[in-house]
Amino acid sequence: MPTNTLLTIGMITREALESFQNNLVFCNRAHILRQYSREFAVPGDKIGPTLSIRLPAQLRAVSGPNLQVQDYIEQSVPLSINQQEHVDLQFTSFEMTLSLDEWRDRIGDPAGIVLANKVDAYGLGLYWQIPNAVLVPTAGNVKWRAYLQAGALLADNGAPNDGTWRAVLNQWAQVDVVDELKGLFQSSEQIKRQYERGLMGESGGYTWAWDQNVPIHTTGPRGGAPLYATTGSDGLSITVTGFTAAAANRLKKGDIFTFGDPATPAAGDIFAVNPVSLQSTGKLRQFTVTSDVNSAADGTATIPIFPAIIGPATPANPRQTVHALPTAGKALTFLGAASTSYFQSIIHQKSAFALGMVRLQEPFSGQTSYAVDEASGVAIRTWRASDITTDSHASRGDVAFGFCSPRPQWAVRAWAPTA
């Protein structure tokens, strides 16, 4: 006669944590899994739902012997625990008498996959905050070059080359890159992984992975030929003229543009500066649109942007982003085609994104169990209660988390057409 094991709630929770954590892709590579989760929900020292992540101050070097005191300004980015996801199930007493292997295969792994995908999708959904991008070619074996260009953009924006650069691709983009590079890795284990599992491992300065939650961005319909409308000034928004003379949607949150054409940069275009040296990188500064934009009836519009336009000053502003301020009449060039969908694979340094997770409050009734991985900060709660009238047992597995991008300039989007 077979011997069944009645699962304890603690066993279920530990299995749920392992299944959840093993199925994280993008979020498992974000550096905050080991840093910020422990700041929340500390007994006797609760800070509320929001933590301010302090960013290092940006400073300038001064030439010559004379003292030139500069302002010391620290910036911070809020990380808020504002998301809760859960999987809810119900079983009878007969159904609860399962072996541990059966529980994991039939319930634990599917639930862990669903929760992990929700967390990954939420984090990847912040792609629109990233101002840097490369357009991946659609034909020929030249896609690898686009991803190497992404690394050059990371360097231009001051991302430390510390061995933590990640490339998270849509599964179809990975097909192209693996096919282009098959057999070129030095490591026999890497080559084996390519052939047996279709995974790339490490190459080109990145750790590579694919994630089916990589989002698709559809560009705005645009219309007309927008021009910068005002005398150059600093700021997080710009005013333009030249859209088609009608009140209509023009741009979508996440669209990217430059002042001038990156294919043929010329004098008068607006170039990025290295954040340390404040010298021009020789590449046009890219800006991401931070909310949908509609034009007025006369074709004018205000476009919110990131990063802020911060031009040269005397003394130098260490937060400078462009080599010069744009002048009135300067044309805007948008990345990609209008009303077109692109996969948004992400190449980033580990500190570009931050994930915080917390152990939820213990319920006042029913059975509760928690599992927390102290090394990563990942936490999951299982809550189970019974109904005497039906001899059934409802259970739910919950994760609570928040996500932000402290340094979106330390990430690059690789735009690949979906068609």
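Residues numbered from 1 in each chain as written. Predicted model: local features only at pLDDT ≥ 70, side-chain atom pairs only at ≥ 80, totals over all residues. Heavy atoms only, no water.

A. Local environment of the side chain of Thr321. Within the secondary structure, Thr321 is located in the loop between β17 (301–309) and β18 (332–334). Assessed through its relative accessible area of 11%, Thr321 is described here as buried. Filtering out sequence-adjacent residues up to four positions away, Thr321 remains in contact with Phe271, Ala272, Val273, Arg285, Pro307, Ala308, Ile309 and Ile310. (Helix = DSSP H or I, 4+ residues; strand = E, 2+ residues; numbered from the N terminus. Buried < 20%, exposed > 50% of the residue type's maximum accessible area, 1.4 Å probe, protein only. Contact = heavy atoms within 4.5 Å.)

B. Highlighting the nonpolar core. Judged by nonpolar contacts, the single largest core of 50 residues is most densely connected at Tyr147, Tyr206, Trp208, Ile347 and Phe353. Among the elements that take part in this core, helix α4 (residues 143–156) stands out by supplying six residues, more than any other. One finds Val240, Phe259, Ile270 and Leu332 within the second-largest nonpolar core, a separate group that totals 18 residues. (Core = buried A, V, L, I, M, F, W, Y, C linked by side-chain atoms within 4.5 Å.)

C. Spotlight on the sheet that holds β18. Pairing within the open sheet is antiparallel, and its six strands lie in the order β9-β10-β17-β15-β12-β18. Edge positions in the open sheet fall to β9 (224–228) and β18, since each of these has one partner strand only. Averaged over all pairs of adjacent strands, the angle between their axes in this sheet comes to 40°, without regard to strand direction. Alignment of strand β12 (residues 256–259) against β18, held across three bridges, turns out to be antiparallel. Note on β18: the bridge partner recorded for Phe257 is Phe334. (Pairing = 2+ DSSP bridges. Axes fitted to C-alpha atoms, helices over the stretch in contact; angles between N-to-C directions.)

D. How the structure looks around the environment of Ile270. Looking at the element boundaries, Ile270 is found in the loop between β12 and β13 (271–273). Taking the relative accessible area as the measure of exposure, Ile270 reaches 2% and is therefore buried. Placed 16 residues apart in sequence, Ile270 and Gln286 show a C-alpha to C-alpha distance of 9.1 Å. Setting aside chain neighbours within four positions, we find Ile270 in contact with Phe259, Leu284, Arg285, Val322, His323, Ala324, Leu325 and Pro326.

E. How the structure looks around the environment of Leu126. Of note, Leu126 is situated in the loop between α3 (100–124) and β4 (132–135). The exposure class assigned to Leu126 is buried, which follows from its relative accessible area of 12%. For the pair Leu126 and Pro408, spaced 282 residues apart in sequence, the C-alpha separation works out to 9.4 Å. Each residue touching Leu126, except ones within four places of it in the same chain, is listed here: Phe403 and Cys404.

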